[in-house]
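If you want the building blocks of each chain, they are given just below.
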Amino acid sequence: MVRSRFLVLLLIGMIAIISHAELPGTWELLVENAGIASMHTAVTRFNTVILLDRTNVQPTLEKLRKHHCQINPQDVVLCHHYSALFDLSTKKIRPLTILTDTLCSAGQFLPDGTLLQTGGDNVGIKKIRKFNPCEATESCDWEELNDIELAQGRWYATNQILPDGTVIIIGGRMTNSVEYFPPRQAGGAINFPFLVEAGDAQFDNLYPYVHLLPNGHLFVFANNKSVLYDYTNNVVLKKYPELEGGPRNYPSAGSSVMLPLIGDYSTATIVICGGTQFGAFNDKITNAPAHSSCGRIVATEEEPVWEMEEMPLGRIMGDMVMLPTGDVLIINGAQAGSQGFEMATKPCLTPVLYRPGEPLGSRFTTLNPGSVPRMYHSTANLLPDGRVLLAGSNPHYYYNFTSEFPTELKLEAFLPEYLSVENEVLRLIIIDSPDTIHYGHGLHIMVTGEIPKLEMLEVNIASAPYATHSFSQGQRLVKLAVSSVEADQSGAFEVKCMAPPDRKVAPPGYYMMFAVHKGAPSVATWVLLMD
Ligand SMILES: *[C@@H]1O[C@H](CO)[C@@H](O)[C@H](O)[C@H]1NC(C)=O
Ligand SMILES: *[C@@H]1O[C@H](CO)[C@@H](O)[C@H](O)[C@H]1NC(C)=O
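Residues numbered from 1 in each chain as written. Chains lettered and ligands numbered in written order. Predicted model: local features only at pLDDT ≥ 70, side-chain atom pairs only at ≥ 80, totals over all residues. Heavy atoms only, no water.

(A) Here's a closer look at the layout of surface pockets. The computed volume of the largest pocket comes to approximately 310 Å³. Lining the largest pocket we find 19 residues, and of these P260, I262, G326, P356 and K479 sit closest to its centre. (1 Å grid on protein atoms, 1.4 Å probe; cavity = no way out; pocket = protein on both sides within 12 Å on 5 of 7 lines; lining within 4 Å. Points joined across faces, edges and corners; volume = space filled by probe spheres on them.)

Rendered as structure tokens:
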């Protein structure tokens, strides 16, 4: 009897292992203790990753503590915030110095590759900071600007790089306005009444989802409302229908992504997935089930409507990561509760893949689950080798390693199925590519590997977004038009393609350029897109 029960258990265990093994994707532990739970994460063109938190807690690494506990007499709490740089090749962590509070701030890479980072809380609420990245062996650090500050305090705002290379800064708690960096006019902020309309008793208009459409206007989504915003003339050109299924932004947030821009770049589609019911935050209903619904809309159409679809799982605080293939990975988050300290339960360990090109109803695939809960204040970022970096999770006011959902210092990577051993043969290697590419101009890259089939070959450029609070600010993937593939004498292949036509399709700056063959991406090279 005991033996047969043991056998049954063994069998169940084996089935569980097999079924896990059969689900696509694998996990990799990169760093056991990064010394920081990254709340805001961005990948630089030097293949380093900026990790940024706010905290009045004790870093677990003494060397980090030494660096971070700088005394700023203006600050409300000393030793309050910190940042570090993670080198992808050596897996080393280098502490960075930051003085003003970055809690719930915003960011965006400028065309010269500098990360602009704005706002936060307390003395950081109007602060503008820059991080000009360097080679991993060098010692670049944060610069906090003292001669200029934001016109209004920005806590939970969203930044988006614009075609002219400036940045628009939208919203924030009690800040229903927009402003620009560099500032466009004296006085700074411009009222944006849409954010007032989108507010409710628990706000729900924070960290608005902002996407720069290829027509040059902004799609701005807050709560369940969205508009087409002509920021140049400060005019709302269109109000989209409301998205059903409850609020979608902080503190009830799912996530949002703009699907790859392709073809003649005349259309853009937005997908918003997950979130929770109104009241889960205000009434602190930590077991309120998260939504599984997604809305999808062609934002560039005349009178578009939301197409609804269902994820395999409910999820709040999921990150939607645009993969080099144009598929979307939805990862991290929880299945119940809302955003905020101690507000969620039931971590959602199972990522799903969304294939936008498949017919409605068959776009989702359930992937191999992880083991580390990544809930409030966690991030997900695409890396240049096609992996996805996962950092953070700290649903507590202080760092707490003993609570049910502990502060998470592990850095992990999720490897989508395209990185499996079986797919290795498909993955091309870029052996030569230009450092700069120019709007409307042809370019070519040299690749080696399996003979690439033209009709199954893509060259895609991906921005490096600023990931925070389950939304990646400035995330963008543009598929270039590929015109030919030709073998040269050495056995390498020359792939000819065309850079994006203009700055609206892809604002100037650094992008990861991937050659994607039969759905498997190469390692990217960084290219600077400019005039
Ligand atoms: C959008 O949210 C408001 C409350 O903020 C609600 O009254 C309205 O019914 C919602 N719209 C839809 C389509 O669910
Ligand atoms: C950590 O969390 C546990 C359980 O929620 C709690 O009892 C403890 O006081 C917390 N520790 C700190 C340092 O906040």
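(B) Representation of the confidence of the model for the protein chain in the model. The pLDDT averaged across the protein chain works out to 91; a share of 91% of its residues lies at or above 70. Predicted confidence for residues 6-20 stays below pLDDT 50, and this span has two contacts to residues more than four positions away or in other chains. In the model, residues 56-81 has pLDDT below 50 throughout and makes 62 contacts with residues more than four positions away in sequence or in other chains. (pLDDT = per-residue confidence, 0-100. Contact = heavy atoms within 4.5 Å.)

(C) Representation of the state of the cysteines. Counted according to the given criterion, the structure contains two disulfides. Between the sulfur atoms of C273 and its disulfide partner C294 the distance amounts to 2.2 Å. Between C273 and C294, the S-S torsion sits near 110°, and that sign places the bridge as right-handed. Taken as a pair, C273 in strand 19 (residues 269-275) and C294 in strand 20 (residues 293-298) lie far apart in primary sequence, 21 residues in all. The thiol sulfur of C348 is not disulfide-bonded, and the nearest other cysteine sulfur, from C273, lies at 12 Å. On the accessibility criterion, C348 (5% relative accessible area) is buried. (Disulfide = S-S within 2.5 Å. Helix = DSSP H or I, 4+ residues; strand = E, 2+ residues; numbered from the N terminus. Buried < 20%, exposed > 50% of the residue type's maximum accessible area, 1.4 Å probe, protein only.)

(D) View of the site of ligand 2. All residues adjacent to ligand 2 are N400, T402 and S403. Within the contact set of ligand 2, an oxygen atom lies 2.3 Å away from a side-chain nitrogen or oxygen of N400. (Near = heavy atom within 4 Å. Polar contact = N/O pair within 3.5 Å; in protein donor to acceptor, adjacent residues only side chain to side chain.)

(E) How the structure looks around the pairing of strand 20. In terms of residue burial, strand 20 counts as a mostly covered element, since five of its six residues are buried. When strand 19 meets strand 20, the two strands line up antiparallel, connected through five bridges. By the bridge assignment, C273 is partnered in strand 20 with C294. Relative to strand 21 (residues 307-310), strand 20 is paired through four bridges, and the arrangement is antiparallel. Paired with S293 across the strands is E310, a residue of strand 21. (Pairing = 2+ DSSP bridges.)

(F) Spatial organisation of the sheet that holds strand 9 (residues 142-144). Pairing is antiparallel in the open sheet, where four strands are placed in the order 6-7-8-9. Each edge of the sheet is formed by a strand with only one pairing partner; in this case those strands are strand 6 (106-109) and strand 9. Between one strand and the next, the sheet's axes are offset by a mean angle of 20°, whatever the strand orientation. Pairing of strand 6 with strand 7 (residues 115-118), which is carried by four bridges, proceeds in the antiparallel orientation. (Axes fitted to C-alpha atoms, helices over the stretch in contact; angles between N-to-C directions.)

(G) A look at unusual backbone geometry. Here the residue pair F181 and P182 is connected by a cis peptide bond, since its omega of -10° sits within 30 degrees of zero. Position of P182 among the secondary structure elements: in the loop between strand 12 (177-181) and strand 13 (190-191). Across the junction of Y250 and P251, the peptide omega takes the value 5°, indicating a cis bond. Within the secondary structure, P251 is located in the loop between strand 17 (235-239) and strand 18 (253-258). Phi is positive for Y265, which is not a glycine, with a value near 60°. The exposure class of Y265 is buried, given its relative accessible area of 9%.

(H) View of the sheet that holds strand 1 (residues 26-31). Pairing is antiparallel across the open sheet formed by four strands, whose spatial order is 1-30-29-28. Strands at the two margins of the open sheet, each flanked by one partner only, are strand 1 and strand 28 (378-382). Neighbour-to-neighbour, the strand axes of this sheet turn through a mean angle of 25°, independent of strand direction. Where strand 29 (residues 388-392) lies against strand 30 (residues 411-415), three bridges are found, and the strand directions are antiparallel. Paired with V388 across the bridge in strand 30 is F414.

(I) The pattern of salt bridges, seen in detail. The full count for this structure, using the stated rule, is 15 salt bridges. A salt bridge links K239 to E197; the nearest nitrogen and oxygen atoms lie 3.1 Å apart. Linking K239 in strand 17 with E197 in helix 3 (residues 193-197), this pair joins segments that are 42 residues apart in sequence. Between K518 and E450 there is a salt bridge; the shortest N-O distance is 3.4 Å. Within this pair, whereas K518 is found in the loop between strand 39 (509-517) and strand 40 (520-521), its partner E450 is found in the loop between strand 33 (442-448) and strand 34 (457-463), the two being separated by 68 residues in sequence. For E450, a relative accessible area of 26% corresponds to the partly exposed category. (Salt bridge = Lys/Arg side-chain N within 4 Å of Asp/Glu carboxyl O.)

(J) Spatial organisation of the packing of aromatic side chains. Counted according to the given criterion, the structure contains 20 aromatic pairs. An aromatic cluster is defined as three or more aromatic residues linked by ring pairs; in this entry it consists of W155, Y156, Y207, Y250, F281, F341, Y376, Y397 and Y398. Over the face of the ring belonging to Y510 we find R45, whose NZ or CZ atom lies 4.3 Å from the ring centre. Directly above the aromatic system of Y180 lies the positively charged group of R184, at a separation of 4.1 Å from the ring centroid. (Phe/Tyr/Trp six-rings, centres within 6.5 Å; stacked < 30°, edge-to-face > 60°. Lys NZ or Arg CZ within 6 Å of the ring centre and 35° of its normal.)

(K) Focus on the domain arrangement of the protein chain. As far as domains go, the protein chain holds domain 1 (23-419) and domain 2 (427-530). Tallying the contact residues gives 74 residues for domain 1 and 41 residues for domain 2. Buried surface at the junction of domain 1 and domain 2, both sides included, amounts to about 4100 Å², of which 59% is carbon and sulfur. When the area that domain 1 buries against domain 2 is broken down by residue, the three leading residues are R45, Y265 and P324, summing to 15%. (Domains from an automatic or database assignment. Buried area = accessible area lost by both parts, 1.4 Å probe.)

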